[in-house]
Amino acid sequence: MTTKNAIEVSHLTKKFGKKLAVDDVSFNVRQGEVFGLLGPNGAGKTTTLRMLTTLLKADAGQVKIFGHDTVKEGRLARSLFGLTGQYAVVDEDISARQNLMIFARLNGLSRPDAKQRTTELLHEFSLENSADKALKDFSGGMRRRLDLAVSLITRPALIFLDEPTTGLDPRTRTQMWDTIRHLVQQGSTIVLTTQYLDEADQLADNLAIIDHGKLVKTGTPAELKQQIGGTRLNFTVDRSTQVGAAVKLVAAQVADAVQQTGQQLSVRLTQMAQAAPILTALNQAKITISQLAVQEPSLDDVFLNLTVGKN
Amino acid sequence: MDVQTHSGNLFMNTATMAYRNLLKTVHNPDRFMDVIIQPVMFMLMFGYLFGGAIAGGVQAYLPTIVPGILMQTMLSAASGSGAQIREDLDSGVFDRFKSLPMAHVAPLAGQLFADSLRLLMATVASLTTGYLMGWRPAVGFGWVVAIAGLAIVTGWALSWLFALLGLLAKSAGAVQSVSLMTMLVLSFMSNAFVPLKSLTKPLQFIAHLNPVTYVITAIRQILATGSWTHEALLVLGVDLIIVVIFAPLAVWAYDRN
């Protein structure tokens, strides 16, 4: 099976006044994958997403959705994706069922089809019991679910999620992740922006890290983590008098410098096998240690390494 | 499984959007305040409060005040559409509408269509209250329908103006305060509640510049003579010009947003 691209972005650029909000960004999103756009606040994630979803006109560059240019074939391109924005944008004043009905009709479903789809989605997102209540009484999680349900009315093959779990409690967040995974299983392609690195790690097949409007890195979470640096060995030396000796011993075993914070030592390992000689040497020198931990690189490291603070 | 869709046409999309606006009104009874409670309250209050002082009695005052309150209500209902549009824009729901494969102006058109129904409700509320207070126009029901139509057309034309204001303004609060001021100045600085002759010269001058004065004069003339007057035709003409100018501007502002 050949994998086709769901989205092709080339040289996308957007200026706000003199500030380059998005600077010559190019990437592809393959069909059936979860693509994560990562970046600090104000990096240009949402601006990029708004251009991909035709809400914002790009100053330069091109976006193709399933081969259709978003400028020349805007209406067709719009019919191919669903969008869930950063804030739940559903009508507060009307019920969940009415929201779904209206959006189904606006998406071009006939009245009976809209009715059927509404019932299905209410069931799928466990909203049946509150279907006819005003949204004012909905919890944040219910709103997000309804919001996502609205963008799934046409079963789009491509779904954009802008920070889908921001502000959700841990349980609702896990539910949202399950929903997203379920969608992927059904064959949807998903583009999501997030500030939560564990979310990206959990869900995304491919990541693009954006900072100051520029694309700084793309790759799978594993690739990115590998590039940034391997496993770390962390431990605390129990007696402060032994810290100096411990640093010397460890330094003899590894290539990198040993990081020391008080009595805590941390060192980068190129491979796991390096851990054993270090621990043996410490044991022979009668240096007692505690809080021993082997730390796998996290996306946090990748993120902090690749993005620079605004100031 | 695929979901069957067909690209909706402008008419269908507009109807759905109008339905949405009406649902919002039904779920939010406070939106009825300005179109039902306000005209009833003002009609009763102003009628019984000023009737004696201005016209020597409530009955004698009714031919003056009924068209006056009617137009004031139209202005306030029309100004509501600006705030409503701003609220929608701020909530981000228009972004979602824009990302749908539907006619681009449908949200705006739907709003304005729903507004015309609000204007109709406001007109019925005003005129019914007048009737219950004893207002009996001599020209008959047909002409009452005609002036109701004239008032609604004028209110609708003004909705476009307020819609543009809503699209250009920074916040719903700003729209509301500007709308309220406009409504108060335009309705009071006119012949809506007092005879023009009773005003000082500078105030008369302002009242003559006020378009509301012409609409009210047109309505009173129709009710007095039972025929279309030049004034009425002039008002219709100006309404048309307002729509021709401000509807495209509103669509432009909407696209820009």
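Quantities reported herein were computed from a predicted structural model and do not represent experimental measurements.

Student: How do you make sense of helix H3 (residues 58-91) of chain B when you look at a structure like this?
Tutor: Since there are 3.6 residues in each turn of an α-helix, residues three or four apart along the chain are aligned in direction. Residues and elements named next belong to chain B. Over its 34 residues, H3 extends 46 Å from the first C-alpha to the last, a length consistent with the 50 Å expected when each residue adds 1.5 Å. Remark: the principal bend of H3, roughly 40 degrees, maps to Thr64, with a proline, Pro67, within the next four residues. Across the 34 residues of H3, 25 count as buried, placing the element largely inside the fold. Positive phi shows up at Gly92, right after H3, with a value of about 85 degrees.

Student: Explain the confidence of the model for chain B here, please?
Tutor: Segments scoring low in pLDDT should not have their predicted coordinates read at a detailed level. Residues and elements named next belong to chain B. Residues of chain B with pLDDT of at least 70 account for 96%, and the chain-wide mean is 87. No element of chain B has a lower mean pLDDT than helix H4 (residues 93-98), at 78, and none a higher one than helix H6 (residues 141-168), at 92. Across the interfaces of the predicted complex, the ipTM metric reaches 0.71, alongside a pTM of 0.70.

Student: Whenever I open this one, the interface of chain A and chain B confuses me. Can you help?
Tutor: Taken together, the 33 residues of chain A in the interface contact 30 residues of chain B. Buried area between chain A and chain B, both sides added, is near 2900 Å², and the carbon and sulfur share of it is 56%. Summed over the shared surface of chain A and chain B, the result is 1 salt bridge. Note that A:Asp93 is salt-bridged to B:Lys24, the shortest N-O span being 3.4 Å. Looking at the side of chain A that touches chain B, the elements that each hand over two or more residues are helix H2 (74-78), strand S6 (81-84), helix H3 (96-106), helix H4 (111-124) and helix H5 (140-151) of chain A. Considering every element that reaches the side of chain A that touches chain B, the biggest residue donor is H3(A), with 5 residues.

Student: Is there a simple way to think about the packing of H3(B) against helix H5 (residues 106-132) of chain B in this case?
Tutor: Packed helices, taken two at a time, are described by the angle between their axes plus the distance between the axes. All names here are of chain B. Two numbers describe how H3 lies on H5: the axes approach to 9 Å, and their chain directions differ by 155 degrees. By the angle between their axes, H3 is roughly antiparallel relative to H5. Crossing handedness for the pair H3 and H5: right-handed. The segment H3 lies against H5, with Leu62, Val66, Leu70, Thr73, Met74, Ala77, Ala78, Gly80, Ser81, Gln84, Ile85 and Asp88 engaging Leu108, Gln111, Asp115, Arg118, Leu119, Ala122, Thr123, Ser126, Leu127 and Gly130. When grouped by side-chain class, the residues that make up the contact of H3 with H5 number 11 nonpolar, 8 polar and 3 charged.

Student: Mind showing me how you'd approach the sheet that holds strand S2 (residues 19-30) of chain A here?
Tutor: Note: strands within a sheet are paired through backbone hydrogen bonds, in either parallel or antiparallel orientation. Residue and element names in this part refer to chain A. Sheet architecture is open: 4 strands sit in the order S2-S1-S4-S5, paired in antiparallel fashion. Edge positions in the open sheet fall to S2 and strand S5 (68-69), since each of these has one partner strand only. Inspection of the sheet shows strand S1 (residues 5-16) paired to strand S4 (residues 60-65) by 5 bridges, in the antiparallel sense. Counted as the bridge partner of Thr13 is Ala60 from S4. Helix H1 (residues 45-52) contacts S1, S2 and S4 of the sheet and is inclined by roughly 120 degrees relative to S1.

Student: Hey, could you run me through the packing of aromatic side chains in this one?
Tutor: How two aromatic rings sit relative to each other is given by the distance of their centres and the angle of their planes. Residues and elements named next belong to chain A. Taken as a whole and judged by the stated rule, the model has 10 aromatic pairs over all chains. On the numbers, 4.9 Å between centres and 10 degrees between planes, the contact of Phe27 with Phe35 is stacked. Exposure remark for Phe27: the relative accessible area of 6% places this residue in the buried category. Judged by its relative accessible area of 3%, Phe35 falls in the buried class. Note on Phe81 and Phe160: the rings are 5.2 Å apart at their centroids and 90 degrees apart in plane angle, and the pair reads as edge-to-face.

Student: Looking at this structure, how should I read the packing of helix H9 (residues 243-253) of chain A against helix H10 (residues 275-284) of chain A?
Tutor: All names here are of chain A. H10 packs onto H9 with a crossing angle of 150 degrees between their chain directions and a minimal axis gap of 10 Å. In terms of orientation, H9 and H10 fall into the roughly antiparallel class. Both H9 and H10 take part in a crossing whose hand is right-handed. When H9 is examined against H10, the residues Ala246, Leu249, Val250 and Gln253 are found in contact with a partner set consisting of Pro277, Ile278, Ala281 and Leu282. Grouping the constituent residues of the contact of H9 with H10 by class yields 7 nonpolar, 1 polar and no charged.

Student: Where do I start with the sheet that holds strand S14 (residues 289-295) of chain A in this structure?
Tutor: All names here are of chain A. Reading across the sheet, the 4 strands line up as S12-S13-S11-S14 and stay open at both edges, with antiparallel pairing between neighbours. Each edge of the sheet is formed by a strand with only one pairing partner; in this case those strands are strand S12 (259-261) and S14. Neighbour-to-neighbour, the strand axes of the sheet open up by a mean angle of 15 degrees, direction not taken into account. Strand direction decides the pairing type here: strand S11 (residues 232-237) and S14, joined by 5 bridges, are antiparallel.

Student: Looking at this structure, I do not really get the nonpolar core. What am I missing?
Tutor: For soluble globular proteins, the rule of thumb is that nonpolar side chains tend to be buried together. In this structure, A:Leu100, A:Leu146, A:Ile153, A:Ile190, B:Phe97 and B:Leu167 are the most contacted members of the largest nonpolar core, which totals 67 residues. Here the element with the most residues in this core is H3(A); it accounts for 7 residues. Core analysis: the second largest hydrophobic core is formed by 40 residues, B:Met74, B:Leu75, B:Val144 and B:Ile219 among them.

Student: Sorry if this is basic, but what is going on with unusual backbone geometry here?
Tutor: Leave glycine aside and you will find that most residues have negative phi; peptide bonds, for their part, are mostly trans. Residues and elements named next belong to chain A. At His11, a position not held by glycine, the phi torsion is positive, near 50 degrees. Positive phi, normally seen in glycine, also occurs at Gln291, with a value near 50 degrees. Within the secondary structure layout, Gln291 lies in strand S14.

Student: Is there a simple way to think about the side chain of A:Arg78 in this case?
Tutor: By secondary structure assignment, the location of A:Arg78 is in helix H2. Under the relative-accessibility criterion, A:Arg78 is labelled buried at 14%. Those residues in contact with A:Arg78, other than ones at most four positions away along the chain, are A:Thr54, B:Lys98, B:Ser99, B:Leu100 and B:Pro101.

Student: I'm lost on the pattern of salt bridges in this one. Help?
Tutor: Any two side chains of opposite charge can pair, so long as their charged atoms come close to each other. This structure, assessed with the given rule, holds 14 salt bridges over all chains. The closest approach of N and O atoms between A:Lys214 and A:Asp23, which form a salt bridge, is 3.1 Å. Of this pair, A:Lys214 sits in strand S10 (residues 214-219) while A:Asp23 sits in strand S2, and the two are 191 residues apart along the sequence. Relative accessible area serves as the criterion here: at 44%, A:Lys214 is assigned to the partly exposed category. The closest approach of N and O atoms between B:Arg118 and B:Asp115, which form a salt bridge, is 3.6 Å. With B:Arg118 and B:Asp115 both in helix H5 and 3 residues apart, the pair spans about one turn of that helix. Each of the salt bridges in this network shares a partner with another, and the network as a whole consists of A:Asp93, B:Arg20, B:Lys24 and B:Asp88.

Student: Just checking my understanding: could you explain H4(A) for this structure?
Tutor: All names here are of chain A. Counted at 1.5 Å a residue, the expected span for H4 with its 14 residues is 20 Å, and the 20 Å between its end C-alpha atoms agrees. Among the residues of H4, Ala114, Arg117, Thr118, Leu121 and Leu122 are the ones counted as buried. One side of H4 carries all its buried residues, which in axial view fall inside an arc of 135 degrees. H4 presents Pro112, Lys115 and His123 as exposed residues on the side facing more than 90 degrees away from its buried surface. Looking at the buried positions of H4, the neighbouring elements they touch are H3 and H5. In the stretch just after H4, Ser126 is the one whose phi turns positive, near 45 degrees.

Here is what the cut-offs are and how they apply
Residues numbered from 1 in each chain as written. Chains lettered and ligands numbered in written order. Predicted model: local features only at pLDDT ≥ 70, side-chain atom pairs only at ≥ 80, totals over all residues. Heavy atoms only, no water. Helix = DSSP H or I, 4+ residues; strand = E, 2+ residues; numbered from the N terminus. Expected span 1.5 Å × (residues − 1). Bend = angle between axes of the 7 residues up to and from the residue. Buried < 20%, exposed > 50% of the residue type's maximum accessible area, 1.4 Å probe, protein only. pLDDT = per-residue confidence, 0-100. Contact = heavy atoms within 4.5 Å. Buried area = accessible area lost by both parts, 1.4 Å probe. Salt bridge = Lys/Arg side-chain N within 4 Å of Asp/Glu carboxyl O. Axes fitted to C-alpha atoms, helices over the stretch in contact; angles between N-to-C directions. Parallel < 35°, antiparallel > 145°, perpendicular 65-115°, else oblique. Left-handed = near helix turned anticlockwise from the far one by under 90°. Nonpolar A, V, L, I, M, F, W, Y, C, P; charged D, E, K, R; others polar. Pairing = 2+ DSSP bridges. Phe/Tyr/Trp six-rings, centres within 6.5 Å; stacked < 30°, edge-to-face > 60°. Core = buried A, V, L, I, M, F, W, Y, C linked by side-chain atoms within 4.5 Å. Arc of directions from axis to C-beta.

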